[in-house]
Amino acid sequence: MSPLPTRMVNRWEKRRALMLPPGQGQLYWHVLLGEDPEARAIVQEAHNRLAGLPGLDLVPQKFIHLTTLVAGYSQEITDHQVNVMTEEATAQLAQVAPITVTLGRVLYHPEAVVLEARPADRLRPLLEAAKFATRAATGRDGALAHTAWVPHVTVAYSSADGPAAPIITALGKQLPERDVTIRSIHIVNQDGPETVWDWRPLAQVRLGTS
């Protein structure tokens with residue numbers, strides 16, 4: 001997500017052909033942070049700074065998240081396989097204590113504005129557990145949402161083409177840091193188009209459950 005973009009791109013227009021209709025979705029491994037006070041506070045700070053700028057869809061507070069892995073299409077993964085994924089991830093993460101990461105550094109992508117979660121290496125056990133569990137249940141590896149895995153929390157998506165400079169000027173490169181402790185990861189069915197935010201958590205795996 002570097003160097004800084006000069007232009008923002010309409011994410012939804014770019015992804016229109018990939019959007020699924022209601023009743024079809026994808027299963028994601030997400031760290032859901034909508035109830036974490038520190039995550040909510042820093043995302044609200046970002047939203048306050050971006051308020052009034054056109055061409056941005058702010059991520060709703062209840063859906064603050066850190067994406068780990070795309071498991072596959074919901075219609076291709078059975079309830080039994082979801083149970084297997086949950087059991088396998090629970091076993092993988094049984095000895096992993098809750099993970100504390102720091103949010104504060106702002107990263108810019110032509111399609112989104114995000115907060116980097118640092119240090120990234122601390123979150124590697126979540127990704128490896130999600131990969132292992134997905135492979136064990138479905139025979140497939142799952143997929144990263146981006147080419148390279150850079151753990152982050154998205155604060156806004158670009159909904160229009162336009163210059164990036166006003167956004168970068170308003171938000172800057174660094175917010176007052178907040179430490180967030182991750183205690184679980186969820187399997188979430190994102191049903192239908194991304195823009196409707198029809199998220200349905202199917203399972204929760206807690207860290208350090210041995």
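The structure this text deals with has already been given above.
Residues numbered from 1 in each chain as written. Predicted model: local features only at pLDDT ≥ 70, side-chain atom pairs only at ≥ 80, totals over all residues. Heavy atoms only, no water.

## Considering the environment of L53
How we decide: Every helix listed is a DSSP run of H or I at least four residues long, and every strand listed is a run of E at least two residues long, numbered separately from the N terminus. Exposure classes here rest on a 1.4 Å probe applied to the protein chains alone. A residue is buried below 20% of its type maximum, exposed above 50%, and partly exposed in between. Any two residues having at least one pair of non-hydrogen atoms within 4.5 Å are treated as being in contact.
Along the chain, L53 falls in the loop between α2 (37–50) and β3 (56–58). Residue class for L53 comes out partly exposed when judged on its relative accessible area of 25%. Along the primary structure L53 and H186 are separated by 133 residues, whereas in three dimensions their C-alpha atoms are 32 Å apart. When residues no more than four places from it in sequence are discounted, the contact partners of L53 are P166, I167 and A170.

## Thoughts on the sheet that holds strand β10 (residues 184–191)
Put simply, the test is: One requirement defines pairing of two strands: DSSP has to find at least two bridges between them. Note on method: axes are straight lines fitted to C-alpha atoms, helices fitted across the in-contact stretch only, with angles between N-to-C directions ranging 0 to 180 degrees.
Across the sheet, four strands lie side by side as β4-β2-β10-β11; this open sheet has antiparallel pairing. Lying at the two open borders of the sheet, with one neighbouring strand each, are β4 (65–73) and β11 (198–206). Between one strand axis and the next, the sheet turns by 25 degrees as a mean value, whatever way the strands run. One ladder, built from six bridges, connects strand β2 (residues 25–32) with β10; its direction is antiparallel. Its bridge partner being in β10, Q26 is matched across the sheet by Q190.

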